[in-house]
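# Remarks on the overall topology
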Amino acid sequence: MSLILGFGHYLLAFYVVILSPISWLLRKYVCLLTVRTFIYMVGFGWGGLWVFDLMYNPYFVNGYQLNRMTSIWIFAIAGLSYAVLENKVWVRERMLNEQKTT
């Protein structure tokens, strides 16, 4: 809860400035859901690697025996969750639009 309250405005800015345009471009140019999901997982996983390298110096990593792959997998799962959630939202919106037109 404190993460959302403390960093919520950063998460919102990240979504509006970075993730929303990327999502729009992927929906427009990549038709297959599996390919979009894979792109999200790879992109978020790379972001996890970047965040890990940014947050932890080698002394801290060695001292606490942290693993970079854990960060990559956690962020990749977040990318998978984002892809599934985005697909459900767009399918629901498409169904509602079809119901309005009939």
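Rules used in this analysis
Residues numbered from 1 in each chain as written. Predicted model: local features only at pLDDT ≥ 70, side-chain atom pairs only at ≥ 80, totals over all residues. Heavy atoms only, no water. Helix = DSSP H or I, 4+ residues; strand = E, 2+ residues; numbered from the N terminus. Rg over C-alpha atoms; globule rule 2.2 N^0.38 Å. Buried < 20%, exposed > 50% of the residue type's maximum accessible area, 1.4 Å probe, protein only. Polar contact = N/O pair within 3.5 Å; in protein donor to acceptor, adjacent residues only side chain to side chain. Contact = heavy atoms within 4.5 Å. Core = buried A, V, L, I, M, F, W, Y, C linked by side-chain atoms within 4.5 Å. Phe/Tyr/Trp six-rings, centres within 6.5 Å; stacked < 30°, edge-to-face > 60°. Axes fitted to C-alpha atoms, helices over the stretch in contact; angles between N-to-C directions. Left-handed = near helix turned anticlockwise from the far one by under 90°. Nonpolar A, V, L, I, M, F, W, Y, C, P; charged D, E, K, R; others polar.

## Some details on the overall build of the protein chain
Across its full length, the protein chain carries four helices and zero strands. Reading the helices (α) and strands (β) of the protein chain from amino to carboxyl end gives α-α-α-α. Against the compact-globule benchmark of 13 Å for 102 residues, the protein chain has a radius of gyration of 17 Å, which places it well outside the compact range. Dimensions of the protein chain, computed from the C-alpha atoms along their principal axes, are close to 65 × 30 × 20 Å.

## Things to note about the side chain of Glu-86
With respect to the secondary-structure elements, Glu-86 resides in helix α4 (residues 68–101). A relative accessible area of 9% places Glu-86 in the buried class. A distance of 2.7 Å separates polar atoms of two side chains, one belonging to Glu-86 and the other to Arg-27. The residues touching Glu-86, leaving out its near neighbours within four places in the chain, are Ser-23, Arg-27 and Tyr-40.

## Topic: the nonpolar core
Judged by nonpolar contacts, Leu-19, Leu-26, Val-30, Tyr-40, Phe-44, Tyr-82 and Ala-83 together constitute the single largest core of seven residues. Looking at this core, the elements that each hand over two or more residues are α1 (2–29), α2 (33–55) and α4.

## A few points about the packing of aromatic side chains
Counted under the stated rule, the structure contains five aromatic pairs. With 6.0 Å between their ring centres and 25° between their planes, Phe-44 and Tyr-82 make a pair best called stacked. Placement of the pair is Phe-44 in helix α2 and Tyr-82 in helix α4, with a sequence separation of 38 residues. Measuring from centroid to centroid gives 4.7 Å for Phe-60 and Tyr-64, while their planes differ by 50°, and the two rings are tilted. You can see Phe-60 and its partner Tyr-64 sitting in helix α3 (residues 58–64), four residues apart, about one turn around the helix. Given a relative accessible area of 33%, Phe-60 falls into the partly exposed group. Three or more aromatic residues joined by ring pairs form one cluster here, namely Phe-52, Tyr-56, Phe-60 and Tyr-64.

## Focus on unusual backbone geometry
The phi dihedral of Gln-65 is positive, around 50°, even though this residue is not glycine. Mapped onto the fold, Gln-65 is located in the loop between α3 and α4.

## Remarks on the packing of α2 against α4
For any two helices packed against each other, the geometry comes down to the angle between their axes and how far apart the axes lie. It is at 7 Å that the axes of α2 and α4 come closest, and there the two elements cross at 145°. Along this stretch, α2 crosses α4, giving a crossing that reads as right-handed. When its residues are assigned to classes, the contact of α2 with α4 shows 14 nonpolar, seven polar and four charged.

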